[in-house]
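Residue-level structural notes
Read off the chains here:
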Amino acid sequence: MNRDNSLDSDLGDFDTWDDEDSQKNRYLTFRVGAEGYGLEIRHVTEIIGIQQITEVPDMPNFVMGMINLRGTVIPIIDVRLRFGLEPREYDGRTCIIVTILNETIVGLIVDEVSEVADIPEDSVEPPPRVSRGANSRFIQGLGKMGNEVKIILDVRKLLYDEDPDKAGQGEQENG
């Protein structure tokens, strides 16, 4: 079984993902630079290879542009640039993780997808209080997997600079 088949079987049948209990404590793990990260699997719809990205002017540097994914235009964010890391050339291991949050679909470019992992709730610790840097706001927790630690990302904070539930409220309240 190759890596893609293994991930496909780990991701399972998307039609059965409506049951949130079956997704609890499951994370898609990936690498950006030297670090391992995880995203709650309930936010992941699929993993695709790098595609032609159409640049959109006047966007933050981490928004690479848009792709047409089977008729749906979705924005693409380079997680490496979102974290303020140096850009790197995309290669055969570079992937786009297609995520969905509140019916918003966004693609995340990562260096390499690893696996779907079960990380029990009692193996996830809160982020350290020692760093309150700009990038630490993306951290939901730290998942222990054997001798490794996966940085579990809060997809909501990764996609939005502000709480999407509160975004635009000031505009609505003011007028």
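The coordinates are above.
The notes below deal with the structure included here.

Analysis parameters
- Residues numbered from 1 in each chain as written.
- Predicted model: local features only at pLDDT ≥ 70, side-chain atom pairs only at ≥ 80, totals over all residues.
- Heavy atoms only, no water.
- Helix = DSSP H or I, 4+ residues; strand = E, 2+ residues; numbered from the N terminus.
- Buried < 20%, exposed > 50% of the residue type's maximum accessible area, 1.4 Å probe, protein only.
- Contact = heavy atoms within 4.5 Å.
- Areas by Shrake-Rupley, 256 points an atom, 1.4 Å probe, with all protein chains shown as cover.
- Pairing = 2+ DSSP bridges.
- Phe/Tyr/Trp six-rings, centres within 6.5 Å; stacked < 30°, edge-to-face > 60°.
- Lys NZ or Arg CZ within 6 Å of the ring centre and 35° of its normal.
- Polar contact = N/O pair within 3.5 Å; in protein donor to acceptor, adjacent residues only side chain to side chain.

**A look at the overall build of the protein**
- Looking only at helices and strands, the protein features five helices and 11 strands.
- Burial status across the protein gives 37% buried among its 175 residues.
- Expressed as a percentage of contacts within the protein between residues at least 6 apart in sequence, the contacts between residues at least 24 apart total 55%.
- When the accessible surface of the protein is totalled, it reaches about 10,400 Å², and 44% of it is carbon and sulfur.

**Notes on the sheet that holds strand β10 (residues 139-145)**
- Spatially, β8-β1-β2-β11-β10-β9 is the arrangement adopted by the six strands of the open sheet, whose pairing is mixed. One side of each edge strand has no neighbouring strand; the edge strands of this open sheet are β8 (112-118) and β9 (124-125).
- With two bridges connecting them, β9 and β10 associate as antiparallel partners. From the neighbouring strand, glutamate 125 faces β10, where its bridge partner is leucine 142.

**Brief notes about the environment of leucine 142**
- Position of leucine 142 relative to the elements: it lies in strand β10.
- For leucine 142, a relative accessible area of 21% translates into the label partly exposed.
- C-alpha of leucine 142 to C-alpha of isoleucine 119: the two residues are 23 residues apart in sequence and 9.9 Å apart in space.
- Among all residues touching leucine 142, those that are not within four sequence positions of it are Ser123, Val124, Glu125, Pro126, Pro128, Val149, Lys150, Ile151 and Ile152.

**A few points about the environment of proline 120**
- Along the chain, proline 120 turns up in the loop between β8 and β9.
- Separated by 95 residues in sequence, proline 120 and asparagine 25 have C-alpha atoms that sit 5.4 Å apart.

**Observations regarding the pairing of strand β11 (residues 148-153)**
- Sheet analysis places strand β2 (residues 35-40) next to β11, joined by two bridges and oriented parallel. Paired with tyrosine 37 across the bridge in β11 is isoleucine 151.
- Bridge count for β10 against β11 is six bridges, and the pairing is antiparallel. If you follow glycine 143 over to β11, its bridge partner there is lysine 150.

**What about the packing of aromatic side chains?**
- Counted by the stated rule, this structure contains three aromatic pairs.
- Consider the rings of phenylalanine 30 and tyrosine 37, whose centres lie 5.8 Å apart with planes at 20 degrees: the pair is stacked.
- Residue phenylalanine 30 is classed as buried on the basis of its relative accessible area, which comes to 1%.
- Here tyrosine 37 falls in the buried class, since its relative accessible area comes to 8%.
- Ring geometry for phenylalanine 83 against phenylalanine 138: centres 5.6 Å apart, planes inclined by 35 degrees, an arrangement best described as tilted. Of this pair, phenylalanine 83 sits in the loop between α3 (79-82) and β6 (95-101) while phenylalanine 138 sits in the loop between β9 and β10, and the two are 55 residues apart along the sequence.
- The exposure class assigned to phenylalanine 83 is buried, which follows from its relative accessible area of 7%.
- Between the NZ or CZ atom of arginine 82 and the centre of the ring of phenylalanine 62, over which it lies, the distance is 4.3 Å.

**With respect to the side chain of glutamate 40**
- Tracing the backbone through its elements, the reader meets glutamate 40 in strand β2.
- Separated by 3.0 Å, the side chains of glutamate 40 and arginine 42 make a polar contact.

**Details of the pairing of β2**
- Of all six residues in β2, five are buried, a share of seventy percent or more.
- Pairing geometry for strand β1 (residues 26-32) and β2, over six bridges, is antiparallel. Counted as the bridge partner of leucine 28 is leucine 39 from β2.

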